[in-house]
Protein chains: 2
Amino acid sequence: MDELKPFVTGIDHVGIAVPDMDEAIAFYRDVLGLELYHEETNESQGVREAMMRAPGDTGGTAVQLLAPLGPDTTIGKFLARRGPGVQQVAYRVTDIDAATDALRAKGLRVMFEESGIGTAESRVNFLHPKDAGGVLIELVEPAVPPR
Amino acid sequence: MDELKPFVTGIDHVGIAVPDMDEAIAFYRDVLGLELYHEETNESQGVREAMMRAPGDTGGTAVQLLAPLGPDTTIGKFLARRGPGVQQVAYRVTDIDAATDALRAKGLRVMFEESGIGTAESRVNFLHPKDAGGVLIELVEPAVPPR
Ligand SMILES: [Co+2]
Ligand SMILES: [Co+2]
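Residues numbered from 1 in each chain as written. Chains lettered and ligands numbered in written order. Predicted model: local features only at pLDDT ≥ 70, side-chain atom pairs only at ≥ 80, totals over all residues. Heavy atoms only, no water.

The next point concerns the relation of the copies chain B and chain A. The two chain copies are related to each other by a rotation about an axis together with a translation along it. The two copies are related by a screw motion: chain B maps onto chain A through a turn of 180° and a shift of 0.0 Å along the axis, at an RMSD of 0.0 Å. Accordingly, the operation relating the two chain copies is best matched by a two-fold axis. When you check the interface residues of chain B against chain A, 100% turn up at the interface there too, and the contact is symmetric in its surfaces. (Least-squares fit on C-alpha atoms with pLDDT ≥ 70 in both. Contact = heavy atoms within 4.5 Å.)

So this is what it looks like as structure tokens:
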């Protein structure tokens, strides 16, 4: 019970699949008033990413906009199947190796044998949605203390 | 531009539609290590709600589990149509009347004329998903300063 309790410190980000990144950034900036604080392209994951947060919400939960680099990527396929919307919920952990080991020890399906590289050099892995009530749950260990 | 910037302070919660509340609470407690800090039944919205957060993440973004009181409710219909998963993303605002007025002034569709009562006596309203990139966005003005 509670194996992950020592590791999970909060919700790092909510990942939203968007067909058009510039339009999505404009919506979250001009309508919701969020601020863009990081952008990157992850070629290996086939995705362009933008991290946005409410002004002053330092260290708080971010919106992570995810735009596909092509139709044959994770986000491209998600958009084709489900349309735009929330694609993942990411929890911040202090130790991703210990956390994923604890999940495996419970018999849950962790998607990658080894954790991959996520936004801003973080280390990430995923719990299979079938083992998580239909939600794609990401675990993320930041490379640097969260801003 | 940025009309909501003075009002939005962060992501209040991520709302997840679940078919079985007890099972969902057990998952988020026993697997992710979150703590249950509030539960209520909202008869008028036809939903049972549970708020959960990482230990020590006071004031941070919560998981809001949403279980339908029957099939003919918002969450009941969502589950029938989409299956379990993220149903809404809720942003905390300091003044929901000013925030919804600002959205209407931009020509965006706010779902209710008057804000309704959400979790823990908060005041809530919603932006139509068609005006928000497929995401159901809730605005929530807490009744008391968030714990
Ligand atoms: Co992510
Ligand atoms: Co809500």
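Following the structure, the description resumes.
Moving on, we get to the coordination of the cobalt ion (ligand 1). Only A:His13 (NE2), A:Gln64 (OE1), A:Gln88 (OE1) and A:Glu138 (OE) from the protein coordinate the cobalt ion (ligand 1), and they sit 2.1 to 2.3 Å from it. Given four donor atoms and angles of 71 to 158° at the metal, the environment of the cobalt ion (ligand 1) is assigned as irregular. (Donors = N, O, S within 2.8 Å, 3.2 Å for Na, K, Ca; no water. Tetrahedral: all angles 85-135°; square planar, octahedral: opposite > 155°, others 65-115°.)

Let's shift gears to the nonpolar core. Note that soluble globular proteins tend to have their nonpolar side chains buried in a common cluster. Membership of the largest hydrophobic core comes to 67 residues, with the highest contact counts inside it found for A:Tyr28, A:Leu65, A:Tyr91, B:Tyr28, B:Leu65 and B:Tyr91. Broken down by element, this core gets its largest block of residues, six residues, from helix α1 (residues 21-31) of chain A. Among all residues touching B:Tyr91, those that are not within four sequence positions of it are A:Tyr28, A:Leu32, A:Leu34, A:Val63, B:Val8, B:Gly10, B:Ile11, B:Asp12, B:Ile137, B:Glu138, B:Leu139 and B:Val140. (Core = buried A, V, L, I, M, F, W, Y, C linked by side-chain atoms within 4.5 Å. Buried < 20%, exposed > 50% of the residue type's maximum accessible area, 1.4 Å probe, protein only. Helix = DSSP H or I, 4+ residues; strand = E, 2+ residues; numbered from the N terminus.)

Listed as interface residues are 43 residues of chain B and, on the opposing side, 43 residues of chain A. Carbon and sulfur atoms supply 65% of the area buried between chain B and chain A, which totals about 3,200 Å² over both sides. When the buried area of chain B at its contact with chain A is split by residue, B:Asp30, B:Val31 and B:Leu32 rank highest and sum to 17% of it. Where chain B touches chain A, the interface holds zero salt bridges. Run the count over chain B and chain A and you get three residue pairs in polar contact (both at pLDDT 80 or more). Those elements that place two or more of their residues in the side of chain B that touches chain A are β1 (8-17), α1 (21-30), β4 (62-68), β5 (85-93) and β8 (137-141) of chain B. If you tally residues by element for the side of chain B that touches chain A, the top one is β1(B), at six residues. (Buried area = accessible area lost by both parts, 1.4 Å probe. Salt bridge = Lys/Arg side-chain N within 4 Å of Asp/Glu carboxyl O. Polar contact = N/O pair within 3.5 Å; in protein donor to acceptor, adjacent residues only side chain to side chain.)

With 95% of its residues at a pLDDT of 70 or more, chain A shows a mean pLDDT of 93. As scored by the predictor, the complex reaches a pTM of 0.94 and an ipTM of 0.93. (pLDDT = per-residue confidence, 0-100.)

What the eight strands build is an open sheet, ordered β2-β3-β4-β1-β5-β8-β7-β6 (chain B); its pairing is mixed. This sheet does not close on itself; its edge strands, each paired only once, are β2 (35-42) and β6 (116-117) of chain B. (Pairing = 2+ DSSP bridges.)

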